[in-house]
Amino acid sequence: SIKRKRSTITNSWEYLKGTLSEVESLEKLLPKAKSLIEYAATESEIKALSGHSPSVLHFATHGYFYKSKKATDTLKGNQIVFEYAQNPLLRSGLILANGNFAWQHGSNPYEKEDGILTALEISNLDLSNTDIVVLSACETGLGDVEESEGVYGLQRAFKMAGVEIIVMSLWAIPDKETAEFMQLFYTNWKQTNKVRLAFRNAQKKMSEKYKNDPEKWAAFVMIE
């Protein structure tokens, strides 16, 4: 069987079966939550949250991050334009509905938004009403270190947007185990009403189950 990862190094983005089961399980735990699934999860919908975002935002999708290129590197042929962007806030982001076209062609003239929510776009949103963002995607915690400016990327972008706590990952993680981790995290959070304790408990459970496979759970970090 193929174990899909919420991976970054690709020319197109594949459907992640685990994201649907992940969202469906969260809907049962949080019946009052609003879900945007498949083609409903547009970039326009996310940007429309600016100024009145919910207390919790959960993204179950692909994420991407590219390190900076050398000055001698240039974009050639069908290489991904986001990989070669000079601005580090363009080299990280989240893939939303219809994002594949823009990813392959650099833009999407057929949609109001191209479906690629870059860190730069996130940084310009007002998400100050959101206490926690959960990025159930790969390598979302990474970014370039620019001298004294700290780490650029999704982490910095959501902080600039006003989010207090961010749960994200440091490497590509298997789709199935990601959904499992999130189920444990939210179940424990609902039981204890303590988000930090819930995160630690989810890590503990996963570490006990996959003690010889830390790559299946240890990527997730909580940033405050």
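The rules behind the values
Residues numbered from 1 in each chain as written. Predicted model: local features only at pLDDT ≥ 70, side-chain atom pairs only at ≥ 80, totals over all residues. Heavy atoms only, no water. 1 Å grid on protein atoms, 1.4 Å probe; cavity = no way out; pocket = protein on both sides within 12 Å on 5 of 7 lines; lining within 4 Å. Points joined across faces, edges and corners; volume = space filled by probe spheres on them. Pairing = 2+ DSSP bridges. Helix = DSSP H or I, 4+ residues; strand = E, 2+ residues; numbered from the N terminus. Axes fitted to C-alpha atoms, helices over the stretch in contact; angles between N-to-C directions. Contact = heavy atoms within 4.5 Å. Buried < 20%, exposed > 50% of the residue type's maximum accessible area, 1.4 Å probe, protein only. Nonpolar A, V, L, I, M, F, W, Y, C, P; charged D, E, K, R; others polar.

**Describing empty space enclosed by the protein**
Then step 1. Across all of its chains, the model carries one cavity of 30 Å³ or more by this definition.
Then step 2. Within this model, the largest cavity holds a volume of roughly 30 Å³.
Then step 3. In terms of lining, the largest cavity is formed by Ile-46, Leu-49, Leu-57, Phe-59, Leu-117, Ile-122, Leu-125, Leu-127 and Phe-158.

**Description of the sheet that holds strand S6 (residues 165–169)**
Then step 1. The mixed open sheet is built from four strands, whose spatial order is S1-S5-S6-S7. Of all the strands in the sheet, just strand S1 (56–60) and strand S7 (220–223) have a single pairing partner and so form its edges. Mean inter-strand twist for the sheet, computed between neighbouring axes without regard to direction, equals 10 degrees.
Then step 2. Sheet topology note: the S1/strand S5 (residues 132–136) ladder contains five bridges and is parallel. Residue pairing across strands places Val-56 opposite Ile-132, the latter belonging to S5.
Then step 3. Together, S1, S5, S6 and S7 form the strand contacts of helix H6 (residues 175–192), whose direction differs from that of S5 by roughly 155 degrees.
Then step 4. In the packing of helix H7 (residues 195–209) onto the sheet, contacts are made with S5, S6 and S7, and the angle to S7 comes to roughly 165 degrees.

**A short note on unusual backbone geometry**
Then step 1. Although it is not a glycine, Asn-98 adopts a positive phi angle of roughly 65 degrees.
Then step 2. With respect to the helices and strands, the residue Asn-98 is situated in the loop between strand S3 (92–95) and helix H3 (99–105).
Then step 3. Looking at Asn-98, the relative accessible area reads 31%, which means it is partly exposed.
Then step 4. You will see that Asn-193, though not glycine, has its phi angle at about 60 degrees, which is positive.
Then step 5. For Asn-193, a relative accessible area of 65% translates into the label exposed.

**Thoughts on the environment of Thr-42**
Then step 1. Along the chain, the position of Thr-42 falls in the loop between helix H1 (17–29) and helix H2 (43–47).
Then step 2. Residue classification places Thr-42 among the partly exposed residues on the basis of a relative accessible area of 21%.
Then step 3. A C-alpha to C-alpha distance of 8.9 Å links Thr-42 and Asp-114, two positions 72 residues apart in sequence.
Then step 4. For Thr-42, the residues in contact, after removing those within four places along its chain, are Leu-96 and Ala-97.

**Side note on the pairing of S6**
Then step 1. With five of five residues buried, S6 is to be regarded as a mostly interior element.
Then step 2. Residue alternation in S6 divides its side chains into two sets, Ile-165, Val-167 and Ser-169 and Ile-166 and Met-168, and both sets are buried.
Then step 3. Where S5 and S6 come together, three bridges link them in parallel fashion. Bridge assignment links Val-134 to a residue of S6, and that residue is Val-167.
Then step 4. In this sheet, S7 lies alongside S6 in antiparallel orientation, the contact comprising four bridges. Note that in S7 the partner of Met-168 across the bridge is Val-221.

**Thoughts on the pairing of S5**
Then step 1. Among the five residues in S5, five count as buried, and that is most of the element.
Then step 2. Burial along S5 is two-sided: the face carrying Ile-132, Val-134 and Ser-136 and the face carrying Val-133 and Leu-135 are both buried.

**Some words on the layout of surface pockets**
Then step 1. For the largest pocket, the calculated volume is near 1300 Å³.
Then step 2. Taken together, 39 residues make up the lining of the largest pocket; nearest its centre are Val-23, Leu-36, Ile-37, Ala-41 and Ala-60.
Then step 3. Only H1, H2, S1, H3 and H6 provide two or more residues apiece to the lining of the largest pocket.
Then step 4. Classifying every residue of the lining of the largest pocket gives 24 nonpolar, nine polar and six charged.

**Focus: the environment of Val-23**
Then step 1. Looking at where Val-23 falls in the secondary structure, it is placed in helix H1.
Then step 2. Between the alpha carbons of Val-23 and Ser-35 there is a distance of 7.6 Å; along the sequence they are twelve residues apart.
Then step 3. If we ignore the near neighbours within four places in the chain, the residues touching Val-23 are Ser-35, Ile-37 and Ala-60.

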